[in-house]
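Remarks on the overall topology
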Amino acid sequence: MIGLIGQKIGMTQRFDSQSQLIAVTAVRVLPNTVVEKHTPERHGYSSVLLSSGSVQPRRLTKAELGQFKSRNLSPQRLLMEVRNFSQSCNIGDRLEVTLFEEIGFVDVIAKCKGKGFQGVIKRHGFHGGRRTHGSKFHREIGSTGMAATPSRVLKGTKMAGRMPARQFTVQNLKVIGLMGDKNLLLLQGAVPGPRGSWLMIREAIKRGAID
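Here the structure is a predicted model, which is why all the values come from computation and not from measurement.

Take the confidence of the model for the protein chain next. Of the residues in the protein chain, 98% reach a pLDDT of 70 or more, and the chain-wide mean stands at 92. The lowest-confidence element of the protein chain is helix 2 (residues 62–69), averaging 90 in pLDDT; the highest-confidence one is strand 8 (residues 116–118), averaging 96.

The following block contains the structure:
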């Protein structure tokens, strides 16, 4: 398993080999620093703790600062763990975006945009009522249950509610291009989150490297 911390730059478009226009997401992957290595003998599992992004030390907690201070490393903004990291590395090593040169598909883990309290049309995709004059049913939820039996609203009924910034994983995004000199990774399709948000890019679990 290979994974690195990246930052979403935005979306653009490119033509593929069949001259079809496809949506592309540009992700900046600055050099990641290896902060800690976990081993099965000591920790019970194998993983690598990576850090990325510049930050002022006062923005971090004492526990986070201690991770860097004990290893004589400069504090960075994010700390993310990648389990079963297959690339050989040591504490203090800097990992570049070129790790994905032989990877054809990746999974992206990120937080989506939080939209707050929303109605059923935006939250669940309800069609709503007629848009004609005189209609009093435009964006309403409609009936939520039966009057006589069971005389209550069933659990799981789709209603209006909050749409918080939850974490999502988008699987099997194709790697369109890699610009090592600009630390950019181009992925086919969209990834969660707004521009400038941080995410984890890892080798796709369900698809292997390029044949």
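Moving on, we come to the sheet that holds strand 4 (residues 47–52). Taken together, the four strands give an open sheet; going across it, the order is 5-4-3-6, and neighbouring strands pair in antiparallel fashion. Two strands bound the open sheet, and with one partner strand each, they are strand 5 (78–83) and strand 6 (94–95).

Turning next to the pairing of strand 10 (residues 167–179). Here is the key point about a regular strand: its side chains alternate between the two faces of the sheet. Bridge analysis of strand 7 (residues 105–111) against strand 10 gives six bridges, and the strand direction is antiparallel. Pairing of Ile 109 across the sheet is with Thr 169, part of strand 10. Bridging between strand 10 and strand 11 (residues 184–188) involves four bridges; their strand directions are antiparallel. Looking at the pairing, Met 179 lines up with Leu 184 of strand 11. The turn joining strand 10 and strand 11, which pair antiparallel and follow one another in sequence, is formed by four residues; a positive phi near 55° is taken by Asn 183.

Thresholds applied
- Residues numbered from 1 in each chain as written.
- Predicted model: local features only at pLDDT ≥ 70, side-chain atom pairs only at ≥ 80, totals over all residues.
- Heavy atoms only, no water.
- pLDDT = per-residue confidence, 0-100.
- Helix = DSSP H or I, 4+ residues; strand = E, 2+ residues; numbered from the N terminus.
- Pairing = 2+ DSSP bridges.

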